[in-house]
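Here is what each chain is made of, one letter per residue.
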Amino acid sequence: MSATTRFTLTLAVALLAAAALPALAQPKAPAAAQLVAAGSEIAFVTRQMGVPVEGKFGKFTAQIALDPKKPEAGSVAFAIDTGSARFGAAETDAEVPKSEWLAVSRFPQATFKSTAIKAAGPGRFDVTGQLTIKGHTHAVTVPVQVAQSGAASTATGTFAIKRLEFKVGEGDWADTSMVADDVQVRFKLALSGLAPL
Amino acid sequence: MDSTPTYTRPAIALHWLLALALFGTFAVGAYMSDLPVSPTRLKLYNWHKWAGVTILALSFVRLAWRLTHRPPADVPMPAWQAKASHAAHVALYLLFFAVPLAGWAYSSAAGFPVVWFGVLPLPDFVPKDKALSELIKPVHATLAFAMAAIVVVHVAAALKHHFVDRDGLLDRMRPGRA
């Protein structure tokens, strides 16, 4: 073979190899799972002078890209419609959108964006991320349990936040003997299309 | 020497203690329901409920005492007055239970379990149900106002007996006697 031919062949192989490398280095993006609103719920419980008071968010969306077998490569993002908070008590429902509480007109959404997902046992994950409510952002780590039945999965878990860190309940309502600082958030998310555990 | 037969000391104590508690709780209840939502209103609602439950508990004690300790015989009075006073007392005893029980049910139906003094959770004997709460709310208010009306008559009649008939009736319930 002539020098020119050898050179051309080498160059061609080099170029092919270079072209193939990115495909080898880049991990496959995790498949997106869909949130099934009908079977999903985000609830929160606080205490008013010792009395447990529970509310729910009626509207929220989620972007979930997760391969349960490789959780570190996954991501989870939520957007919650703050105006959809309901307590089932007329006066409470009328109070919560106000500026001392969720200030819905200024902050129509509360969001969560994951920064890390770790496996924590069979069907269990620790999802760390940034929670933003009323313009204030704090890191939370949420323990999630996933149960699967065919193509349907259910993710459940609870975690606590401190409402004053997000300025929810300001002025006179900052008094934690009236409404406790601790708020338990409880979620149940019905997902379709999540890859097998 | 005073020979007016009196109620027993525990009966007298319970009467005045509960009279004070009922008056105060009624006054707070009437005032608080018109307030706009605020921490003060939340405080008053809870104090009202705690007081109401305490009244309910003490009313059991009071009833048990009454059933085991006969009050002094009536002072002489026309038969219709004696009948009316007995009926009023029976009605009051019924309301001592009905009013706080209705209030407790209203609170549960409205979705606010009663937590006595913020520490002892009491059971919900009715479920959280908006329609039910709207049904019970006026029952609690109406029974409370009926009780207040009977109390007004009760006080007026007692004063009439003592100061118009001059039959020493108030001495029967005077603290420090017996």
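A brief structural summary. Each chain has its residues counted from 1, running along the sequence as written. For this description, chains carry letters from A and ligands carry numbers from 1, given in the order in which they are written. Given that the model is predicted, a residue must reach a pLDDT of at least 70 before its local features are reported, and side-chain atom pairs must reach 80 or more before they are shown or counted; all residues, however, enter totals for whole chains, interfaces and linings.

## A few points about the overall build of chain B
Thinking step 1. Of the regular secondary structure elements, chain B holds 4 helices and 2 strands.
Thinking step 2. The way it works is that DSSP assigns letters per residue, a run of H or I at least four long becomes a helix, a run of E at least two long becomes a strand, and they are numbered from the N terminus. The secondary structure elements of chain B, listed N-terminal to C-terminal, are α-α-α-β-β-α.
Thinking step 3. Taken over the C-alpha atoms alone, chain B extends approximately 55 × 30 × 25 Å along its principal axes.
Thinking step 4. Buried positions account for 21% of the 178 residues belonging to chain B.
Thinking step 5. Contact criterion: two residues are in contact if their C-beta atoms, reconstructed from the backbone, are within 7 Å. Partitioning the intrachain contacts of chain B with sequence separation of at least 6 by distance along the chain shows that 71% fall at a separation of at least 24. We call a residue exposed when 12 or fewer other C-beta atoms sit within 10 Å of its C-beta, buried when the count reaches 20 or more, and partly exposed for counts in between; the C-beta positions come from the backbone.

## As for unusual backbone geometry
All names here are of chain A.
Thinking step 1. The backbone of Met49 sits at a positive phi, close to 50 degrees, despite the residue not being glycine.
Thinking step 2. The topology assignment puts Met49 in the loop between strand 1 (32-48) and strand 2 (51-57).
Thinking step 3. With a phi close to 55 degrees, Lys134 is a non-glycine residue in the positive phi region.
Thinking step 4. Mapped onto the secondary structure, Lys134 falls in the loop between strand 7 (124-133) and strand 8 (136-149).

## Here we look at the interface of chain B and chain A
Thinking step 1. If you look at the interface, chain B gives 14 residues, while chain A gives 13 residues.
Thinking step 2. For the side of chain B that touches chain A, the element with the most residues is helix 2 (residues 39-68) of chain B, which contributes 3 residues.
Thinking step 3. Any residue that is not Ala, Val, Leu, Ile, Met, Phe, Trp, Tyr, Cys, Pro, Asp, Glu, Lys or Arg is counted as polar, Gly included; the first ten are nonpolar and the last four charged. Taken together, the residues of the side of chain B that touches chain A sort by class into 8 nonpolar, 4 polar and 2 charged.

## Regarding the nonpolar core
Thinking step 1. Within the largest apolar cluster, 29 residues are counted, with the highest numbers of intra-cluster contacts made by A:Phe60, A:Ile64, A:Leu66, A:Ile80, A:Val127 and A:Leu191.
Thinking step 2. Excluding its chain neighbours within four sequence positions, the residues that come into contact with A:Ile64 are A:Ala32, A:Ala33, A:Leu35, A:Val76 and A:Leu191.
Thinking step 3. Counting 20 residues, the second largest nonpolar core, distinct from the first, contains B:Phe96, B:Val99, B:Ala102 and B:Phe112. Each nonpolar core reported here comprises buried Ala, Val, Leu, Ile, Met, Phe, Trp, Tyr and Cys residues connected via C-beta atoms within 7 Å.

## Looking at the packing of helix 1 (residues 9-32) of chain B against helix 2 of chain B
Describing two packed helices takes the angle between their axes plus the distance from one axis to the other.
Residue and element names in this part refer to chain B.
Thinking step 1. Taken N-terminus to C-terminus, the directions of helix 1 and helix 2 make an angle of 155 degrees; their axes are 9 Å apart at the nearest point. As far as their axial angle goes, helix 2 and helix 1 are roughly antiparallel. The two elements helix 1 and helix 2 meet at a crossing, and its hand is left-handed.
Thinking step 2. Residue composition of the contact of helix 1 with helix 2, by class: 16 nonpolar, 6 polar and 2 charged. Convention adopted: a line fitted to C-alpha atoms gives each axis, helices being fitted over their contacting stretch, and angles between N-to-C directions are expressed from 0 to 180 degrees. Geometric relationships in this document are graded by angle, where less than 35 degrees denotes roughly parallel, more than 145 denotes roughly antiparallel, 65 to 115 denotes roughly perpendicular, and other angles denote oblique. We call a crossing left-handed when the near helix sits turned anticlockwise from the far one by less than a right angle, and right-handed when that turn is clockwise.

## Section: the packing of helix 3 (residues 79-109) of chain B against helix 4 (residues 130-164) of chain B
All names here are of chain B.
Thinking step 1. The interhelical angle for the contact between helix 3 and helix 4, taken along N-to-C directions, is 150 degrees, at an axis separation of 8 Å. As far as their axial angle goes, helix 4 and helix 3 are roughly antiparallel. Judged by the sense of rotation from one axis to the other, the crossing of helix 3 with helix 4 is left-handed.
Thinking step 2. Tallied by class, residues from the contact of helix 3 with helix 4 come to 20 nonpolar, 5 polar and 1 charged.

## Points about helix 4 of chain B
Residue and element names in this part refer to chain B.
Thinking step 1. A helix is expected to span 1.5 Å for every residue after the first. In a regular helix each residue adds 1.5 Å, so 35 residues correspond to 51 Å; helix 4 covers 50 Å between its end C-alpha atoms and thus fits that length.
Thinking step 2. Along helix 4, the residues that are buried comprise Ser133, Ile136, His140, Ala144 and Met147.
Thinking step 3. Packing partners of the buried residues in helix 4 comprise helix 1 and helix 3.
Thinking step 4. A positive phi of about 50 degrees marks Arg166, the residue just after helix 4.

## Looking at the environment of A:Lys134
Thinking step 1. The exposure class of A:Lys134 is partly exposed, given the 18 C-beta atoms found within 10 Å.
Thinking step 2. For the pair A:Lys134 and A:Ala62, spaced 72 residues apart in the sequence, the C-alpha separation amounts to 19 Å.

## As for the pairing of strand 6 (residues 109-119) of chain A
Residue and element names in this part refer to chain A.
Thinking step 1. As defined by bridge partners, strand 4 (residues 75-81) adjoins strand 6 across 5 bridges and the pair is classed as antiparallel. Residue pairing in the sheet places Ile80 in a bridge with Ala110 of strand 6.
Thinking step 2. Two strands qualify as a pair provided DSSP detects at least 2 bridges between them. In this structure, strand 6 lies alongside strand 7, joined through 8 bridges in antiparallel fashion. In the strand pairing of strand 7, Ser114 is matched with Gly129.
Thinking step 3. Here strand 6 folds back onto strand 7 in antiparallel fashion, the turn holding 4 residues, of which Gly121 has a positive phi close to 125 degrees.

## A few points about helix 3 of chain B
Thinking step 1. Compared with an ideal rise of 1.5 Å per residue, which puts 31 residues at 45 Å, helix 3 of chain B spans 44 Å between its outermost C-alpha atoms and is within 8% of the ideal.
Thinking step 2. Residues B:Leu95, B:Phe96, B:Val99, B:Pro100, B:Ala102, B:Gly103, B:Trp104, B:Ala105, B:Tyr106, B:Ser107, B:Ser108 and B:Ala109 constitute the buried set of helix 3 of chain B.

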